[in-house]
2 protein chains.
Amino acid sequence: MQKATIHHIAEKLKITASTVSRALNDHPRISDATKKLVQKTAQELNYQPNNIASALRNGKSYLIGVIVPTADRSFFASVVRGIEEIANNIKYKVIICQSYDIFEKEVLTVDALLAARVDGIIASIGKNTDTFAHFNRAIMEGIPLVLFDRTTDQLEVSQVVIDDHLGAYQVVEHLIQQGCRRIAHFTSPKKVSVFKERYRGYVDALHAYNIPFDEELVVASNLQLEDGRRSMEQLLTLKNRPDAVFSSSDYGAMGAMQVLKEHKIAIPGDIALAGFSNEPFTSFTDPPLTTVDQFSIYMGNITAELFFEQLKATKNFKPQKTVLKPALIVRESSMKRK
Amino acid sequence: MQKATIHHIAEKLKITASTVSRALNDHPRISDATKKLVQKTAQELNYQPNNIASALRNGKSYLIGVIVPTADRSFFASVVRGIEEIANNIKYKVIICQSYDIFEKEVLTVDALLAARVDGIIASIGKNTDTFAHFNRAIMEGIPLVLFDRTTDQLEVSQVVIDDHLGAYQVVEHLIQQGCRRIAHFTSPKKVSVFKERYRGYVDALHAYNIPFDEELVVASNLQLEDGRRSMEQLLTLKNRPDAVFSSSDYGAMGAMQVLKEHKIAIPGDIALAGFSNEPFTSFTDPPLTTVDQFSIYMGNITAELFFEQLKATKNFKPQKTVLKPALIVRESSMKRK
DNA sequence: TAACATAAAACAATCGATTGCACAAAGTTA
DNA sequence: TAACTTTGTGCAATCGATTGTTTTATGTTA
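Report on the accompanying structure.

By convention here, two paired aromatic rings are described through the distance between centres and the angle between planes. This structure, assessed with the given rule, holds 24 aromatic pairs over all chains. With a centroid separation of 5.1 Å and 55° between ring planes, the pair formed by Tyr62 of chain B and Tyr92 of chain B is classed as tilted. Of this pair, Tyr62 of chain B sits in the loop between helix H4 (51-58) and strand E1 (63-68) while Tyr92 of chain B is found in the loop between helix H5 (74-89) and strand E2 (93-98), placing the two residues 30 residues apart along the sequence. Looking at Tyr92 of chain B, the relative accessible area reads 6%, which means it is buried. Seen in terms of ring centroids, Tyr199 of chain B and Phe213 of chain B are 6.5 Å apart; in terms of plane orientation they differ by 85°. Their pairing is edge-to-face. With Tyr199 of chain B in helix H9 (residues 193-208) and Phe213 of chain B in the loop between H9 and strand E7 (218-220), the pair connects residues that are 14 residues apart, well separated along the chain. Above the plane of the ring of Tyr100 of chain A lies Arg81 of chain B, whose end atom (NZ or CZ) is 3.8 Å from the centre.

If you check the shell around DNA strand C, you find 25 residues, and the closest are Arg22, Tyr47 and Arg57 of chain A together with Thr19 and Thr34 of chain B. A distance of 3.4 Å is found between a phosphate oxygen of DNA strand C and a backbone nitrogen or oxygen belonging to Asn50 of chain A. Here a base nitrogen of DNA strand C sits 3.1 Å away from a polar atom, N or O, in the side chain of Arg22 of chain B. Among the elements of the structure, helix H1 (6-13), helix H2 (17-24) and helix H4 (51-58) of chain A together with helix H2 (17-24) and H4 of chain B are those that each provide at least two residues to the surface near DNA strand C. Looking at the surface near DNA strand C residue by residue, the class counts come to 7 nonpolar, 12 polar and 6 charged.

The next point concerns the layout of surface pockets. All names here are of chain B. In this structure, the second largest pocket spans a volume of roughly 1100 Å³. Considering the residues around the second largest pocket, the lining is formed by 38 residues, among which Ile139, Met140, Glu141, Gly142 and Ile143 are closest to the centre. Listing elements by their share of the lining of the second largest pocket, those giving two or more residues are H4, helix H7 (133-140) and helix H12 (296-312).

Taken residue by residue, the interface counts 44 residues in chain B and 44 residues in chain A. Note on chain B versus chain A: buried area summed over both sides is about 3900 Å², and carbon and sulfur give 56% of it. Of all residues in chain B, Ile52, Arg117 and Phe284 of chain B give up the largest surface area on contact with chain A, accounting jointly for 19% of the area buried on that side. One can count 4 salt bridges joining chain B with chain A. At the junction of chain B with chain A, the criterion picks out 9 residue pairs in polar contact (both at pLDDT 80 or more). Counting residues per element, the ones that place at least two in the side of chain B that touches chain A are H4, H5, E2, helix H6 (103-115) and helix H11 (250-262) of chain B. Looking at the side of chain B that touches chain A residue by residue, the class counts come to 24 nonpolar, 9 polar and 11 charged.

In this section: the protein's contact with DNA strand D. Around DNA strand D there are 26 residues in total, and Thr19 and Thr34 of chain A together with Arg22, Tyr47 and Arg57 of chain B lie nearest to it. The sugar-phosphate backbone supplies 52% of the atoms of DNA strand D found within 4 Å of the protein. Ile6 of chain B is positioned with one of its backbone polar atoms (N or O) 2.7 Å from a phosphate oxygen of DNA strand D. Where the surface near DNA strand D is concerned, the elements lending two or more residues are H2 and H4 of chain A together with helix H1 (6-13), H2 and H4 of chain B. By residue number, the principal contributor to the surface near DNA strand D is H4 of chain B, which donates 4 residues.

Turning our eyes to something else, we now look at the relation of the copies chain B and chain A. In the superposition of chain B on chain A (RMSD 0.1 Å, axial shift 0.1 Å), the rotation amounts to 180°. As the rotation angle and translation indicate, the two copies are arranged about a two-fold axis. The position closest to the rotation axis in chain B is occupied by the C-alpha of Ile95 of chain B, lying 2.4 Å away. Looking at chain B, 100% of its interface residues are interface residues in chain A too, so the copies touch through the same face.

Residue and element names in this part refer to chain B. Taken in spatial order, the 4 strands line up as E7-E6-E8-E9 in an open sheet, and their pairing is parallel. A single partner strand is all that each edge strand has here, and the edge strands are E7 and strand E9 (272-274). Pairwise comparison of adjacent strand axes, ignoring direction, gives a mean angle of 15° for this sheet. The sheet contact formed by strand E8 (residues 244-247) and E9 spans 3 bridges and is parallel. When the sheet's bridge partners are listed, Ala244 is paired in E9 with Ala272. This element, helix H8 (residues 164-177), spans strand E6 (183-187), E8 and E9 of the sheet and lies at about 170° to E8.

Conventions used here
- Residues numbered from 1 in each chain as written.
- Chains lettered and ligands numbered in written order.
- Predicted model: local features only at pLDDT ≥ 70, side-chain atom pairs only at ≥ 80, totals over all residues.
- Heavy atoms only, no water.
- Phe/Tyr/Trp six-rings, centres within 6.5 Å; stacked < 30°, edge-to-face > 60°.
- Helix = DSSP H or I, 4+ residues; strand = E, 2+ residues; numbered from the N terminus.
- Buried < 20%, exposed > 50% of the residue type's maximum accessible area, 1.4 Å probe, protein only.
- Lys NZ or Arg CZ within 6 Å of the ring centre and 35° of its normal.
- Near = heavy atom within 4 Å.
- Polar contact = N/O pair within 3.5 Å; in protein donor to acceptor, adjacent residues only side chain to side chain.
- Nonpolar A, V, L, I, M, F, W, Y, C, P; charged D, E, K, R; others polar.
- 1 Å grid on protein atoms, 1.4 Å probe; cavity = no way out; pocket = protein on both sides within 12 Å on 5 of 7 lines; lining within 4 Å.
- Points joined across faces, edges and corners; volume = space filled by probe spheres on them.
- Contact = heavy atoms within 4.5 Å.
- Buried area = accessible area lost by both parts, 1.4 Å probe.
- Salt bridge = Lys/Arg side-chain N within 4 Å of Asp/Glu carboxyl O.
- Least-squares fit on C-alpha atoms with pLDDT ≥ 70 in both.
- Pairing = 2+ DSSP bridges.
- Axes fitted to C-alpha atoms, helices over the stretch in contact; angles between N-to-C directions.

Below you can see the structure in the form of structure tokens.
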């Protein structure tokens, strides 16, 4: 059974396809009578416009590509959800692609999206990405690009980030207020701005409270669970142990928590603990983990709105940077003072 | 700057677009010399085929729609990853859509995918779905449909599931071997086969070991964290409390764990605990949660392979049902005997 | 070398929707 | 009533790739 086209409608009404097309698109030069007739017939024939055909004609696909390192991290999944909410409202569909933090895969993905003729790309950059030619390729083809969370200033594009500096600052300030003085920090060696910013927030908070910065308390790793374990073990070998750990990722903090428990070190009694991202599991841990919420769905909304603004803008659009405020979530893992 | 088309290549080489097209598609009637020349020129002009145009011509979009209740559950995210692995290998792109377990949203999504002219749909049915007209619409349009995990026998389509009965049976058998005799079960009131199957596995294991079935030990809910909490509180009001809880979802088990801790009830000492799905957080809980792994990435692979098999099959394809074996993962929450 | 086979490439239609332009009918104005 | 405007449709080209059907070279055979 064939799907109905505007030609079928036209034939049935003894008019031309162009009239049908105009009628369906509410063109002012078509009489109301014809419009109604066409709409009615379209219904009868269960007509559904062929997006492919119109995509070809007007060079739009109504598809946007979203690239995330991994979609099974709650943060990214929620941002994607936020993007979808906005996109679906205006007939756009979202293609989700995962780079798995692998640079080559990210490059391939960008190229695949360009080949698929997406109308634009929203991306969060992989941890191992430090050259951006693939994204520049998209920009040069006139494909709008908006980055969120894991962004870079090496590209002239709009970006939406949270104030990682502030989030980290608040965590460290909170730890200090709980009486901690030797606060360790798990960070990433990668040139990803979010981690650099959190590191800055950590350092600045220490300064602000006149707490000496001690390089041996900063451990760089990939910030996964196992990394957190290793980093914590390393810290425990120090003569002068920390009394708190602020990890740039919840997974890293989780690894630390496991190690501390294995060593029968009290949390937060001996060592307080805080993570970053408010992954869902953080409220399930024992003790529940202090962390920073990033309002991820909202971030997705904002990112999508910025994206579509740029998509509509005909001329050269000035890249915008939106900075969202994070929220410190205090849970037991850091509550030394009840 | 315009993107190169086959016409640009043709013009440059003083041949026609059809020759270029055939050369690029390695048509036997084109001389090797021409083929090489065309390929070289294509490279030079950085030609990328316009998928939209070829989609229109041969009625294929190279897009497949994947509908999941939510993409931020590790199980679904991993299945999607498994699907993507296969799909991307053969130039297909995956559109991920979330139904959020809302029936209306699921219907809209199916229709949107049909309108987007996807080449097929892979779906896991929402919890609240009990009529299937929307999926039948896809089938009638000749769009291949494959279901995974949350499936139904009311549709004549291929499906990939794990043996939920076996998984549940193994959990309950394990609990019995640990000495538990009053094993409670959290299930869903919904007509979702996975939960029905797990319930059957629970009942059958009890039977097999001559343990009486007690209706008051079975609690139906939505199986989220809060539901698990409520269900556990309810069980604790019984005169004759259970000595184990097997929840059909890890989140439900997590809720139970929180309540038990609040009541200072030892896990697994007083009450053993087991979930289902092997969500990542289950290894982070204290104690780590016994659960069932579903080999989700593999499930995605299998699902995609079945899907593409069906897509290639020209004639009426006989729906197949693939059943995968799950794996019991024993952790401390159920280890009464060390 | 005429007749025919084969290889290589051109021609033209097609997929379905869109749109600039042409054109006819109806309405308006002087 | 001639001249012009407005309104409603039709015509035909277009987007880029694909493909059945010629057409044009080239090669082979008798």
